[in-house]
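Inside the fold
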Amino acid sequence: MLDELIQQRQKKICKRVADKKSHKWTAKEIARMFELMVVFGTDFSIVAVHLQSKTRDQIKRKFNQLQSTRAKEVRTALSGSHTAEMWEQLNQDFLELAG
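Procedures and definitions
Residues numbered from 1 in each chain as written. Predicted model: local features only at pLDDT ≥ 70, side-chain atom pairs only at ≥ 80, totals over all residues. Heavy atoms only, no water. Helix = DSSP H or I, 4+ residues; strand = E, 2+ residues; numbered from the N terminus. Buried < 20%, exposed > 50% of the residue type's maximum accessible area, 1.4 Å probe, protein only. Contact = heavy atoms within 4.5 Å. Areas by Shrake-Rupley, 256 points an atom, 1.4 Å probe, with all protein chains shown as cover. Core = buried A, V, L, I, M, F, W, Y, C linked by side-chain atoms within 4.5 Å. Expected span 1.5 Å × (residues − 1). Arc of directions from axis to C-beta. Polar contact = N/O pair within 3.5 Å; in protein donor to acceptor, adjacent residues only side chain to side chain. Axes fitted to C-alpha atoms, helices over the stretch in contact; angles between N-to-C directions. Nonpolar A, V, L, I, M, F, W, Y, C, P; charged D, E, K, R; others polar.

It is worth spelling out the overall build of the protein chain at this point. Counting secondary structure elements, the protein chain contains six helices and zero strands. Listing the helices and strands of the protein chain from first to last along the sequence gives α-α-α-α-α-α. Looking at the 99 residues of the protein chain, the share that counts as buried comes to 30%. Counting only contacts in the protein chain whose residues sit at least 6 apart along the sequence, the fraction spanning at least 24 positions is 58%. Element-wise, carbon and sulfur atoms account for 53% of the exposed surface of the protein chain, whose accessible area totals about 6,900 Å².

See below:
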């Protein structure tokens, strides 16, 4: 009985991870990732807890990509030197890209 429950749980976890792997990043997810980086920095495990549509590895890969393509925003998020207006503009930019 206990073994069955463990196996069922493992199947659910594997399916959830598989579902996450096929999901492309949306502008809202990227904006949320930036918000979480302001609070949690590069602790991708904690970011993944709050951004449940992505795995830790997906978040880390996206972070590495963003360091190349949006380096200024990444540095700003990690430095903590940001304003509400800047984050509003950043979110607006992402939403416009998603069109």
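Met33, Phe34, Met37, Ile59, Phe63, Leu66 and Val74 are the most contacted members of the largest nonpolar core, which totals 14 residues. Looking at this core, the elements with two or more residues in it are helix H2 (27-40), helix H3 (44-50), helix H4 (56-69) and helix H5 (71-79). When residues of this core are assigned to their parent elements, the largest contribution, five residues, is made by H2. Contact partners of Met37, with chain neighbours within four places excluded, come to Phe63, Val74, Ala77 and Leu78.

So, on to H4. For H4, which comprises 14 residues, the first-to-last C-alpha distance of 20 Å matches the rise-based estimate of 20 Å (1.5 Å per residue) to within 8%. Restricting attention to buried positions, one finds in H4 the residues Gln58, Ile59, Lys62, Phe63 and Leu66. One side of H4 carries all its buried residues, which in axial view fall inside an arc of 140 degrees. Structural note: H4 exposes Arg61 and Ser68 on the side pointing more than 90 degrees away from its buried face.

Here the focus is the side chain of Lys54. Locating Lys54 in the fold gives a position in the loop between H3 and H4. A distance of 3.4 Å separates a polar side-chain atom of Lys54 from the backbone oxygen of Lys24.

Before going further, it helps to examine the packing of H2 against H5. Where H2 contacts H5, the two axes come as close as 7 Å, and the packing angle between them is 35 degrees. Contact with H2, carried on its side by Phe34, Met37 and Val38, involves Glu73, Val74, Ala77 and Leu78 of H5 and no other residues of that element. Of the residues contributing to the contact of H2 with H5, the split by class is six nonpolar, no polar and one charged.

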